[in-house]
Amino acid sequence: MTEGITEYTLGLGTTFAPHSVGVGNAGKLWVTTSNTATTGSGCVVRVNPLRPSELSRADHSHIPRLTAGIIKDPLGAAKVWFAAPAPPAQEDPIVSMLTTAGYPVTFYPLENDAKAESIELETTKVGGAGTPTYEYSLLFAEPVHKYVGVLPITQSGAGQVEKMSVEHNTWLWDVAVSTDTDGKTHTYWVTGQTNSNPSRTMNGLFKRAPRQNNWEHIPLPGGPGQKPYYVKVDTEAVWVTATNPNQVLRLNLNTLRWKERNLGSAIPQELTFTPNGEVWVASSMGIHIFDGQMEEEGTIIQLPSGGKAKGICVGSDGNIWYTNPDRKTLGKYVTGLAVLGAPSRTGRTQVVSHVETVLHAKEHVDAPLVAEYVADGRPIPGIPLTCRIEAEGATFDDNTRERVILTDQRGRVCLPPVYAGDTEEEAILSVGLGGTEPHATTKLHIRPA
């Protein structure tokens, strides 16, 4: 089945192959690449999901030749963050890039020979129950020195890297985090592989529980020779892609029991959670779809013109986007979600809390609204929700009235701070999945100072 898929050229020629894809600020898609030449600079591509032929290339010597795993700035700044798994000597592998003219980049120092094989977002709730505010960090797996790095992100930039050493003899690959219902307590998960140079002897999934310094080794169901790659966590399970054999694996967070689905000759790559609670997996044969409980065997969507799928994400338009390195293309699968105003067939956005209902002119509120995206009765992380203000004077903290924010590990978003102008009005705050489903709304009454 290839119906519903369209692929778009990225204009990369033979020099670059697309790697990962993610949602950035203003709902744009950003694609990291691998430079197939032996020398030269790197390239990152910006794509408008509403008009995919609109491309903008950040292509200069300050971008590492291999970039992977890209996410938008969690504080709403006009920047994206990505990892550099195989940087040249002296090249720092965590990079932030402004999405403004010239695409200036900033490197964050690690060891000179360090790598960053992945990048993930951690969200931590701080403050009291009545004032829900959040802090953010970037997680990455560093295999040479064997640690999971935690890089705090603040308005003034990134802080110092905290290093959680992994004592097992394994080559770290990808990292994920699950968060308890308090929004503060984290459990970390990292995949590790055997490797020849330097020598690493263990495959498996590794878990660091709250208030623990050591990592528990969790063998994969395919045996010690099964090699894991990418990992993601929802509110109920850890999902892993693996080879030898080629499988998609689901580890129940409560029972720690595995479920597995065989992919035959298809080599699985990155995976994403979709708005209807499914898990979609890119592979060398196409895109595989599994229900959130892995009760069914799953289905496959073959790519229309061959090649392989590698990176995958849910776009701000609600559709599935993937990279095809062989054909140097970006693919879109139309999900067919319900139109705005109609009952949603897949999931829904609902308000969790809104602390302030009255705001005086020229004041601001830090956390005006917390919402969650729910499908099949469970919150879904990693969904791009569109946050809006309908007002004459009030705006978000960056003077905009619309922003796309990914749901966190608990399937939630906290709207950015709202600044009131000098107009007395009833500002409408809303959040939902693009224009594909009814938004959850609330009012913020702005009164004279």
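Residues numbered from 1 in each chain as written. Predicted model: local features only at pLDDT ≥ 70, side-chain atom pairs only at ≥ 80, totals over all residues. Heavy atoms only, no water.

## Details of the pattern of salt bridges
Opposite charge on two side chains permits pairing when their charged atoms draw close.
Inference 1: Within this structure, the stated rule accounts for 14 salt bridges.
Inference 2: Residue Lys259 pairs with Glu295 through a salt bridge whose shortest N-O separation is 3.2 Å. Placement of the pair is Lys259 in strand S22 (residues 258-262) and Glu295 in the loop between strand S25 (286-290) and strand S26 (299-301), with a sequence separation of 36 residues.
Inference 3: Between Asp326 and Lys308 there is a salt bridge, and its shortest N-O distance comes to 2.9 Å. Of this pair, Asp326 sits in the loop between strand S28 (320-324) and strand S29 (329-333) while Lys308 sits in the loop between S26 and strand S27 (312-314), placing them 18 residues apart in sequence.
Inference 4: Residue classification places Asp326 among the partly exposed positions, given a relative accessible area of 43%.
Inference 5: Lys308 sits in the partly exposed class, given a relative accessible area of 39%.
Inference 6: Among the charged side chains, a network of salt bridges with common partners joins Asp397, Asp398 and Arg403. (Salt bridge = Lys/Arg side-chain N within 4 Å of Asp/Glu carboxyl O. Helix = DSSP H or I, 4+ residues; strand = E, 2+ residues; numbered from the N terminus. Buried < 20%, exposed > 50% of the residue type's maximum accessible area, 1.4 Å probe, protein only.)

## Observations concerning the pairing of strand S21 (residues 247-252)
Every other side chain in a regular strand lies on the same face of the sheet, so the side chains alternate between the two faces.
Inference 1: With respect to burial, S21 is a largely interior element, 5 of its 6 residues being buried.
Inference 2: With 6 bridges connecting them, strand S20 (residues 237-243) and S21 associate as antiparallel partners. Bridge pairing in S21 links Trp239 to Arg250.
Inference 3: Hairpin connection of S20 to S21: 3 residues between the antiparallel strands, including Asn244 at a positive phi of 55°. (Pairing = 2+ DSSP bridges.)

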